[in-house]
Amino acid sequence: MTLDRILASMFPDGHDVKNDGGVLLGSGTLRSGDRALVIGVADRTALGVDEAIRLSSAVLGSIKNGSGPILVVVDSDSQRMSKRDELLGLNEFLAHLAKSLIHADIEGRPTIGLLYGHSAAGAFLATALATRVLVGLPGADPAVMDLPSMSKVTKLPIEVLEQKAKSTPVFAPGLQNLVQLGAVHVTWDDKISLADQLEKLLRNMSDARDRRDALGKERGGRMKAADIAERVRELTMQTR
Amino acid sequence: MSVADLEKPSVERARATSFYEASARARIRLLLDPGSFVEFIGPEQREVSPHLKLFDLPEQFDDGIIVGHGQLAGSPVFIAAQEGRFMGGAFGEVHGAKLTGLLRAAKEMKSIPVLILLDTGGVRLQEANAGELAIAEIMRAVIEARTAGVKVIGLIGGRSGCYGGGGLIAGCCSALAVSEQGRIAVSGPEVIETNRGVEEFDSRDRALVWRTMGGKHRRLIGGAELFADDTVQAFREAALELLETTSGFGIDTLNAEQSRLEDRLQRFGACRDAVEIWAAEGVPDAASVPALPADQFIELADKLRRIARDAR
């Protein structure tokens, strides 16, 4: 789905989202009449220090002056891989964006990620994966690591990796793998109104607790994470 | 034996032990009060990665991370240490879940701080999706713990540095101490070179790597609160100082960080190299920074820049 179609279907009552060099900023009117802040990355743009600081600024400004949910719409590259970005402390800029989103969510501004294209690595962590609920749209193709790069590092041919990917969702790219692992909570149908699906999601919003590991276990994609985290949590609590 | 007798040889050993060279277990043993460490889900439980065998790779019984509790100068702390010599300290499903569980408990208990000894290349490729998600869960758990009033201190000085998602976790901590060897970045030198070419970043130019990502640069631009010499004792003292001086977390912290980072972009955004940034920051002989011994560098850094304690 194209960005224009997504925004039109999600906000039939109008929106003012602008795409400025791949940085999405604006807001849209919800079915309820409330406004939602919309931020994001489009056109498979890499997320560097210059983009991240504008997105975090919008989130913090909205915490101060706005209300309603925050939507994070993503079709990005990975983080911008450059000397300049690392020199300036890209890790701090990306962490700051993620922290701003998580803080907003904890403080009553529910965050929803909408993955409609690509995303990877640090850009994925700072945007879509820093939201409470992540929605996958048809055509989304997230890749934590692409198979050619994996092939280079693991020294295994791509055909071998593709073969192995059939038995586990744990390493290969693709939306379905991330659904199975619990990273993507729900996928939407582009044949029906996105506004309806968003309204339904907002109505049934879970509390702010991170349940992605439990979801990954239910769906058979991550069998150990939830149990290990819970065992360590219990042991730690006993030190009281 | 009195407590003083027990402690003395430990301090001497901690002073003589390189943090960089030490294993994760040795770091914990020498960093905490002697004999105080208790591990959760230790290697005897053999909770190995369920994914490495698919790639015929050796497993480790603790999956490359140690989590537990102990005492630091008589006060309780939770601690996690990554073993940079196993799979580059990379985050996998089990490895990450151990840290997530520790942070979730710290959040509920509210008063006991967490020390994280980061030593990582980022996501473990053989379980890339699970590792990426583990990092996202850890970031969320760090922020939830900090929101509940918990101090989360990152200590960075290991062989694998602190790369990829590890760099983002570091940026979520309340405060960081870093040694010269403790590089902090998102994209590693090889990753930049592979994707953008050797003209953008020559990964074999070690001096370039240190001055772009190393601990001295991070301290000078405000990416870390403290610079530590490469001994376990120096990191112990840094942890104690950070626990003392670190403030809480909330919207004011985030607004202060937004200003801090905007200011950095404005002042240094056009600089092409770290030496230019250091000169702009007021370092008298910027080119000499990489060669400065730790004590002289700390003196210089303290004189130049008072680190904001409320902007991370």
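Cut-offs applied
- Residues numbered from 1 in each chain as written.
- Chains lettered and ligands numbered in written order.
- Predicted model: local features only at pLDDT ≥ 70, side-chain atom pairs only at ≥ 80, totals over all residues.
- Helix = DSSP H or I, 4+ residues; strand = E, 2+ residues; numbered from the N terminus.
- Rg over C-alpha atoms; globule rule 2.2 N^0.38 Å.
- Buried ≥ 20, exposed ≤ 12 C-beta atoms within 10 Å, placed from the backbone.
- Contact = placed C-beta atoms within 7 Å.
- Nonpolar A, V, L, I, M, F, W, Y, C, P; charged D, E, K, R; others polar.
- pLDDT = per-residue confidence, 0-100.

Within chain B one finds 12 helices and 7 strands. For chain B, the C-alpha radius of gyration of 19 Å lies close to 20 Å, the compact-globule estimate for 312 residues. Each of the 312 residues in chain B was classed as buried or not, and the buried ones make up 56%. In chain B, 72% of the contacts between residues at least 6 apart in sequence involve partners at least 24 apart.

Residue and element names in this part refer to chain B. Along the chain, the position of V114 falls in strand β4 (residues 114-118). By C-beta crowding, V114 is classed as buried, having 28 other C-beta atoms within 10 Å. For V114 and G92, which are 22 residues apart along the polypeptide, the C-alpha to C-alpha distance reads 20 Å. Apart from residues lying up to four places away in sequence, V114 is in contact with F78, L102, L103, A106, A145, V150 and V152.

It is worth spelling out the interface of chain B and chain A at this point. Taken together, the 72 residues of chain B in the interface contact 66 residues of chain A. Secondary structure elements with two or more residues in the side of chain B that touches chain A: β2 (65-72), α3 (93-109), α4 (128-147), α5 (165-172), α6 (189-196), α7 (206-213) and α10 (251-268) of chain B. Counting residues per element, the side of chain B that touches chain A draws most heavily on α4 of chain B, at 14 residues. Grouping the constituent residues of the side of chain B that touches chain A by class yields 39 nonpolar, 18 polar and 15 charged.

Now for the confidence of the model for chain B. Segments scoring low in pLDDT should not have their predicted coordinates read at a detailed level. With 96% of its residues at a pLDDT of at least 70, chain B reaches an overall mean of 95. In the predicted complex, the global pTM is 0.97; the interface-specific ipTM is 0.98.

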